[in-house]
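Structural description and commentary
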Amino acid sequence: MRTHAQVVVIGGGLIGCSILYHLAKLGWSDVVLLERDELTSGSTWHAAANIHGLHDSTNISLLQHYTMSLYKELEAETGQGCGVFQPGSLYLAQTEDREHQLRLQEAKARRYRMNFYEVGRDEAERLHPLVDFDGVRCIMYEPEGGNVDPSGVTMAYAAGARKRGAEIHRFTPVIATEPQPDGSWIVRTPKGDIRTQWVVNAAGLWGREVAALAGIELPLMPTEHQYLVTETIPEIAAMNRRLPSVADRDGEYYLRQEGLGLLVGAYERDMRFWAEDGTPQGFGHELFPDDLARIEENIMRAADRVPALATAGVKKVINGPMIWSPDSAVLFGPVPELRNYFCCNGIIPGFSQSGGIGKLAAEWMVEGEPSLDMFIWDVARFGDWADRKFTRARVQDQYSHRFKIHFPNEERAAGRPVRTRPVYGMQQELGAVFGLNAGWEHPLWYAQADEPRAETNGFKRQNWWEPVGREARMLRDRAGIIDISNFAKYRVEGAGATAWLDALFANRMPVETGRSCLTPLIGGRGGIAGDFTVTRLGDESFMVFGSGMAERFHLRFFNAVPRPATVSFASMTSAMGGFNVAGPQARALLQGLADADLSSAAFPFMRSRRMRVAGVEVVALRVSFTGDLGWELYCATEDQPRLYRALLDAAAEVGAGPVGSRALMSLRIEKGYGSWGREYSPEYWPQESALDRLVKMEKPDFLNREAYARIAGRPARQQLAMVAIEAIDADATGGEPIFLPDGTPAGQVTSGAYGYSVGRSLALCYLQTGLTRPGDRVVVQVIGRPHQATVLDRPPFDPEGLRLRA
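The structure reproduced in this document is the subject of the present report. (Residues numbered from 1 in each chain as written. Predicted model: local features only at pLDDT ≥ 70, side-chain atom pairs only at ≥ 80, totals over all residues. Heavy atoms only, no water.)

Thoughts on the overall build of the protein
Scanning the protein from terminus to terminus reveals 18 helices and 37 strands. The globule rule puts the C-alpha radius of gyration for 806 residues at 28 Å, and the 27 Å found for the protein is close to it. Oriented by its inertia axes, the alpha-carbon framework of the protein measures out at about 85 × 60 × 50 Å. Counting over 806 residues, the protein shows a buried share of 61%. The contacts in the protein between residues at least 6 apart in sequence include a share of 72% that link residues at least 24 apart. (Helix = DSSP H or I, 4+ residues; strand = E, 2+ residues; numbered from the N terminus. Rg over C-alpha atoms; globule rule 2.2 N^0.38 Å. Buried < 20%, exposed > 50% of the residue type's maximum accessible area, 1.4 Å probe, protein only. Contact = heavy atoms within 4.5 Å.)

Written out as structure tokens, the structure is:
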């Protein structure tokens, strides 16, 4: 066994072997995989191993299609069979919402030239004559859908990795992982130690235990999961071809051919946890006792859809463990608080995603950043707030509602509240309906006395649409108070603070006290890793503001620039609350409470100062994400209730009041302001996002300057734009494909909302360079249906910026 390696992968299941293979494929042959038992032990060997391409997330769809196409390449490359069966998959919609979901996925498939399309009942019956399609309103077909052999695929990855020089050691448990001062690790096993630059935790059911060796706790929880396989069904035995699988998610089951019978599985409501206190070390290829009564209702619905199932005998039942994250998505990427420790845990549709996961993991380690923005998977999306109680509640919800549609803007209640601020009770009394952001409860909108406080969910406009409009119009007409406490807040102080920030961010840092700047953070491939506001409060004293949900993500970048011992850096997100007071009456509302002159001459746009508002010490910035006249006020968390009460009382005098984040979304889109994770992403270049003016290449250095230099001179591949959509009862939300009138793919929506103050349904989007000009007509696939839209030449609200500078 080697004593040194570039990477040690812990875990010899499907995912660990895929990561090993892709690392070797990218040229890192000095890599080792350690498996405590046999390859495929744990949850790989007993998986149903279905494969499908389409997902509500575009990037996940791209990765799943990569994975589906990889398996036959693996067979040819290694000679190891993967047991690939691709008779296709039929997707059924029994409800209007499911039809919207499938039509949106079909539109995305056309946008990215994937093979997924609608078929009529006659064609569906020809493809699968055993299915009763009564009650089905829409049928989609994916010709490459199917299943693979779990062990065959895993062994093929292993064979491909070995051919490229990788080592695999079975029956070699890891007993310690010890970080070294230079960022490397010592991985200890009974057979010897390995010093490695990277550790990869791909330990599957033992992900929690392996993480604990490094001193970290991952939000993971195992459950039982069952499927059954029938005896031979005569109708299938009589056929000379394999039947497509059936995805009837409204029926809450999955079904495909297995041998000459059927395999049927379900995610039942009456779910069961397993090994909550830790996965047994001796567990390997065991199964649990059958408990078919738990999934009886699901199986009966499957039998109604496929009547031949009702008379088939049961050949075997598989009841085995799976391990879940709180949102059922993989925990992926380097742990921000550690150096060179990579997680890949909690994968559910592993055989649809294994290739893509391995590819991106290898890119991240070898090239410094993955080629796709996968924050939706990033381990950094959860923090310490995702404790065991929260994880358990969310996993129960995710499992028992596995096939429930995740609607745009949907907020699920399981496990909440986790973190609240002192004004939470006051906001409840005001009628706030809350959402979750990085563990914090924050107001989405405010219901009046006669309005329900529980919001409905769907693809079309819901019961919150009118109240959100009321808030948006109130702010534009008078003023509004928005809780922005969930913005990330950092304090940077000490000798050398200016130089450190200049070495981190792409823009020049303000040199005069009270000045502020907007600045991009450049990613490893030259894209937009973040956007921040930096304000100088004094001599070598700064506050930095950014995305709250990305705080842990951005920690990786902050840690990448050596910080002198004289410079202190501290997150103030928990210690400080904040409010944005915005609208044409914002100055009048605040002036009577403030101990400073708020006139434009005394307090211009993009300036900051310390002052008192209602006797509370605040850091005040003359900025507003609404695009309107406004101030952001940040105070100590314990002072938040006193400040909020004073602001509300003053607001009432000018006919203003509280405003939630849903209205803020509408307001910033009216103004054309981008947001991190939507318009700003490592995938988008600064010259595509209209942020290149904030990248100062005359600076001698900043983080990833060379990466940006490599792409700075290239023409934009796509351009951030805005469209007005002819919508009636549904607005774009993000991800909708955009086409030219002749059907040519043109781009995709990044954010969408109804612009209440301008009376138009709007969307920010990226359009391929050279395909459109302002005034051109395009087609946006809102809820998967074509909606006519016009490319705008400028934002419809205050395009000259007169209001925010008033």
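Details of the packing of helix 1 (residues 14-25) against helix 2 (residues 58-78)
Helix 2 packs onto helix 1 with a crossing angle of 75 degrees between their chain directions and a minimal axis gap of 14 Å. Between helix 1 and helix 2, the interaxial angle falls into the category roughly perpendicular. Side by side, helix 1 and helix 2 meet where Y21, H22 and K25 of the first sit next to Y66, L70, L74 and E77 of the second. Of the residues in the contact of helix 1 with helix 2, the class split is four nonpolar, one polar and two charged. (Axes fitted to C-alpha atoms, helices over the stretch in contact; angles between N-to-C directions. Parallel < 35°, antiparallel > 145°, perpendicular 65-115°, else oblique. Nonpolar A, V, L, I, M, F, W, Y, C, P; charged D, E, K, R; others polar.)

Quick word on the environment of T573
Structurally, T573 is set in the loop between strand 26 (568-571) and strand 27 (576-582). Its relative accessible area of 5% is what places T573 among the buried residues. Separated by 524 residues in the primary sequence, T573 and A49 have C-alpha atoms spaced 42 Å apart. With residues near it in sequence (within four places) discarded, T573 still touches R421, W440, S485, F487, A488, K489 and E551. Separated by 2.8 Å, the side chains of T573 and E551 make a polar contact. (Polar contact = N/O pair within 3.5 Å; in protein donor to acceptor, adjacent residues only side chain to side chain.)

Description of the pattern of salt bridges
Pairing between side chains of opposite charge can happen when their charged atoms approach one another. Following the criterion strictly, the structure yields 53 salt bridges and no others. One salt bridge connects E38 with R170, and the closest N-O pair in it is separated by 2.9 Å. In this pair, E38 sits in the loop between strand 2 (31-34) and strand 3 (50-51) while R170 sits in the loop between strand 8 (167-169) and strand 9 (176-179), placing the two residues 132 residues apart along the sequence. Judged by relative accessible area, E38 falls into the partly exposed class, the value being 29%. Salt-bridge contacts for D378 lead to R556; the nearest nitrogen and oxygen are separated by 2.6 Å. Pair noted here: D378 is in the loop between helix 9 (350-367) and helix 10 (388-400) and R556 is in helix 14 (residues 551-560), with a separation of 178 residues, a long-range link. As far as the burial class goes, D378 and R556 line up, both buried. (Salt bridge = Lys/Arg side-chain N within 4 Å of Asp/Glu carboxyl O.)

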